Amino acid sequence: PVMIGVLGADGRLTAANPAARAWLGAATPGAAAPDAPLAVSLDAIVAPEEREAVQAEVDAALAGAPRDFLARTVGADGEARLVEVRAHPLARDAG
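Conventions we followed
- Residues numbered from 1 in each chain as written.
- Predicted model: local features only at pLDDT ≥ 70, side-chain atom pairs only at ≥ 80, totals over all residues.
- Heavy atoms only, no water.
- Pairing = 2+ DSSP bridges.
- Helix = DSSP H or I, 4+ residues; strand = E, 2+ residues; numbered from the N terminus.
- Salt bridge = Lys/Arg side-chain N within 4 Å of Asp/Glu carboxyl O.
- Buried < 20%, exposed > 50% of the residue type's maximum accessible area, 1.4 Å probe, protein only.

Colleague: I keep staring at the pairing of strand E5 (residues 80–87) and nothing clicks. Help me out?
Modeller: Residues in a regular strand point their side chains to alternate faces of the sheet. Here eight bridges tie strand E4 (residues 67–74) to E5, and the two strands are oriented antiparallel to one another. Opposite Ala71, over in E5, you have Val83 as the bridge partner. Counted between consecutive antiparallel strands, the loop separating E4 from E5 contains five residues, among which Gly78 sits at a positive phi close to 85°.

Colleague: How should I be thinking about the pattern of salt bridges in this particular structure?
Modeller: When the charged atoms of two side chains with opposite charge come close together, those side chains can pair. Under the criterion given, the structure shown has five salt bridges. The residue Arg86 makes a salt bridge to Asp68 at a minimum N-O spacing of 3.9 Å. Note that Arg86 is positioned in strand E5 and Asp68 in strand E4, a separation of 18 residues in sequence. By relative accessible area, Arg86 is classed as exposed at 59%. When the shortest N-O distance is used, the salt bridge between Glu84 and Arg86 registers 3.4 Å. You'll find Glu84 and Arg86 in the same group, each marked exposed. Put simply, Asp68, Glu84 and Arg86 are held in one network by salt bridges that share partners.

All we've got here are geometric facts, nothing functional implied.
Spelled out as structure tokens, the structure:
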């Protein structure tokens, strides 16, 4: 399934589609509920050995550069998965 999420400027996942919420599952209590707020840090879902490289990609995306990369992640079930990440900045009006 395609997982879609929105990463806030603070580096936390703030919104996600149902597939991503289901994958997060017990890693974030209540995250699977469709209207539950999210505030999931990358450290909670990225494998420890990948965190520095993933953070560099995220920093570049937050600075405005579209990024495509692979990341090893760990779901709520404890299973490691290699996922393709496409990070594209979203522009918002001020305010």
